[in-house]
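Single-letter residue listing:
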Amino acid sequence: MPELPEVECLTRAVQEVLVGRTITHATFHRKDLRWPIPTQEFTKLLVGSPVLNVRRRSKYMLVETKHGCGIFHLGMTGNILLSPNEESAWKHTHASFRVLDQNQDPLFLHFVDPRRFGSILACTTNELVYHPLLVKLGPEPLEIEDLADHLWERSRGKSVAVKTFLMDAHNVVGVGNIYANESLFRAGVRPTRPASKVKRVEWAKIADQVQSVLKEAIIAGGTSFRDYRHADGGPGYFELSLQVYGRAGEECGQCGSFVKLKKLGGRATYYCPECQI
Ligand SMILES: [Zn+2]
């Protein structure tokens with residue numbers, strides 16, 4: 001599933017192609033993905049006006065003109081691929097957007113999503129602020145001024161496990177399962193601890209590690225993304241050296257104990273019983 005780093009890298013790539021250019025045509029090959037695609041509204045708000053900005057909020061990619069905003073979500077298997085051809089080379093292309101490049105040659109952005117859990121939505125600029133998908137989201141982990149303070153304050157009185165707390169987008173966005181597991185290992189905090197029992201100094205470590213892990217993944221993705229024109233459909237997982245995730249029963253690289261696996265909030269949770277207290 002594309003996580004924050006993947007969406008960030010895709011957003012940067014799409015930004016390069018779209019900002020300052022105008023979508024001259026949008027073609028939708030089906031009426032719905034996870035939700036119905038508001039094709040007429042999308043065309044009205046996005047086609048024919050220069051794109052002012054492309055940015056990411058949580059795992060949504062927002063494409064803005066002066067009239068409104070296109071909201072893209074990649075779901076489980078979505079991707080946006082660039083091609084000089086109107087005819088997409090990729091199966092499961094559900095929408096295509098035409099722009100002109102610097103030589104006035106057409107370029108096409110193809111929205112590809114084999115499993116169709118992704119979405120393409122649109123709203124006016126005014127509606128964006130109150131959009132139901134966005135309004136309750138917590139802060140961006142790489143943009144908030146003091147993530148540790150925020151997490152500490154927000155976790156007061158919350159008995160939910162610290163890992164479940166971290167993965168809840170109401171608290172902070174973009175900390176997917178892999179990133180939560182790895183950050184807690186690096187911070188030395190046991191994922192099952194009640195969030196309210198995690199000390200201020202431990203939140204500082206967790207916040208640092210969440211930010212480092214996400215930045216590392218974005219850097220890794222940024223490198224592999226240079227080749228995105230030739231991508232073959234689904235987005236890849238970024239190469240991040242994983243110290244506990246997927247390593248149940250293996251020796252911890254720090255202490256030699258065996259990495260444990262437990263279900264927590266329905267998600268696979270890996271930790272070292274020695275290093276993480
Ligand atoms: Zn260990």
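Residues numbered from 1 in each chain as written. Predicted model: local features only at pLDDT ≥ 70, side-chain atom pairs only at ≥ 80, totals over all residues. Heavy atoms only, no water.

## Some details on unusual backbone geometry
And step 1. You will see that His-92, though not glycine, has its phi angle at about 60 degrees, which is positive.
And step 2. One can find His-92 in the loop between β5 (79-83) and β6 (93-100).
And step 3. The phi angle at Arg-116 is positive, at roughly 60 degrees, despite the residue not being glycine.
And step 4. Looking at the secondary structure, you find Arg-116 in the loop between β7 (106-112) and β8 (119-124). (Helix = DSSP H or I, 4+ residues; strand = E, 2+ residues; numbered from the N terminus.)

## A word on the packing of aromatic side chains
Working definition: an aromatic ring pair is given by the centre-to-centre distance plus the angle between the planes.
And step 1. For the coordinates displayed, the defined rule picks out eight aromatic pairs.
And step 2. Where Phe-42 meets Phe-97, the ring centres are 5.3 Å apart and the plane angle is 35 degrees; that geometry is what we call tilted. Here Phe-97 lies in strand β6 and Phe-42 lies in helix α2 (residues 39-46), a separation of 55 residues in the sequence.
And step 3. By relative accessible area, which is 1% here, Phe-42 ends up buried.
And step 4. Aromatic pair Phe-72 and Phe-97: ring centres 5.8 Å apart, planes at 90 degrees, arrangement edge-to-face. One end of the pair, Phe-72, is in strand β4 (residues 68-73); the other, Phe-97, is in strand β6, with 25 residues separating them in the sequence.
And step 5. What makes Phe-72 buried here is its relative accessible area of 6%.
And step 6. Overall, Phe-97 belongs to the buried group, its relative accessible area being 4%.
And step 7. Grouped by ring-pair contacts, the aromatic residues Phe-28, Phe-42, Phe-72, Phe-97 and Phe-111 constitute a single cluster. (Phe/Tyr/Trp six-rings, centres within 6.5 Å; stacked < 30°, edge-to-face > 60°. Buried < 20%, exposed > 50% of the residue type's maximum accessible area, 1.4 Å probe, protein only.)

## Describing the coordination of the zinc ion
And step 1. Looking at the zinc ion, the protein donor atoms are Cys-252 (SG), Cys-255 (SG), Cys-272 (SG) and Cys-275 (SG), and they sit 2.2 to 2.4 Å from it.
And step 2. In primary-sequence terms, the residues that donate to the zinc ion follow C-x2-C-x16-C-x2-C. Placement of Cys-252 in the loop between α7 (200-225) and β9 (260-264) and of Cys-272 in the segment after β10 (267-271) is noted, with a sequence separation of 20 residues between them. As far as burial versus exposure is concerned, Cys-252 and Cys-272 are alike and both buried. (Donors = N, O, S within 2.8 Å, 3.2 Å for Na, K, Ca; no water.)

## Details of helix α6 (residues 177-187)
And step 1. With nine of its eleven residues buried, α6 lies for the most part within the structure.
And step 2. Among all positions of α6, only Asn-177, Tyr-179, Ala-180, Asn-181, Glu-182, Ser-183, Leu-184, Phe-185 and Ala-187 are buried.
And step 3. In the stretch just after α6, Gly-188 is the one whose phi turns positive, near 75 degrees.

## As for the sheet that holds β4
Sheet strands line up and pair through hydrogen bonds in the backbone, either parallel or antiparallel.
And step 1. Taken in spatial order, the four strands make up an open sheet running β2-β3-β4-β8, and their pairing is antiparallel. Across the chains shown, the open sheet's two edge strands, defined by having one partner strand only, are β2 (53-57) and β8. Neighbour-to-neighbour, the strand axes of the sheet open up by a mean angle of 20 degrees, direction not taken into account.
And step 2. Direction of pairing for β2 relative to strand β3 (residues 60-64): antiparallel, over a ladder of five bridges. (Pairing = 2+ DSSP bridges. Axes fitted to C-alpha atoms, helices over the stretch in contact; angles between N-to-C directions.)

## Quick word on a nonpolar patch on the surface
And step 1. Taken together, the side chains of Met-1, Met-76 and Phe-117 present a nonpolar region at the surface, about 250 Å² in accessible area.
And step 2. Relative to the elements of secondary structure, Met-1 occurs in the segment before α1 (4-18). (Patch = residues over 30% accessible without salt bridge, like charges linked within 9 Å, V, L, I, M, F, W, Y side chains within 5 Å. Areas by Shrake-Rupley, 256 points an atom, 1.4 Å probe, with all protein chains shown as cover. Salt bridge = Lys/Arg side-chain N within 4 Å of Asp/Glu carboxyl O.)

## Focus on the environment of Met-167
And step 1. Topologically, Met-167 is positioned in helix α5 (residues 162-167).
And step 2. Its relative accessible area of 23% is what places Met-167 among the partly exposed residues.
And step 3. Here the alpha-carbon distance between Met-167 and Val-7, two residues 160 residues apart in the chain, equals 17 Å.
And step 4. Excluding residues that lie within four positions of it along the chain, Met-167 makes contacts with Val-175, Gly-176, Asn-177, Ala-180 and Arg-267. (Contact = heavy atoms within 4.5 Å.)

## Points about the state of the cysteines
And step 1. The tally for this structure, following the rule as stated, stands at zero disulfides.
And step 2. Cys-69 forms no disulfide, and the closest cysteine sulfur to it belongs to Cys-123, at a distance of 5.2 Å.
And step 3. Residue Cys-123 is classed as buried on the basis of its relative accessible area, which comes to 2%. (Disulfide = S-S within 2.5 Å.)

## Some details on the confidence of the model for the chain
And step 1. Looking at the chain as a whole, the pLDDT averages 92, with 93% of positions reaching at least 70.
And step 2. Note on residues 226-236: pLDDT under 50 across the span, and 19 contacts to partners over four residues away in sequence or across chains. (pLDDT = per-residue confidence, 0-100.)

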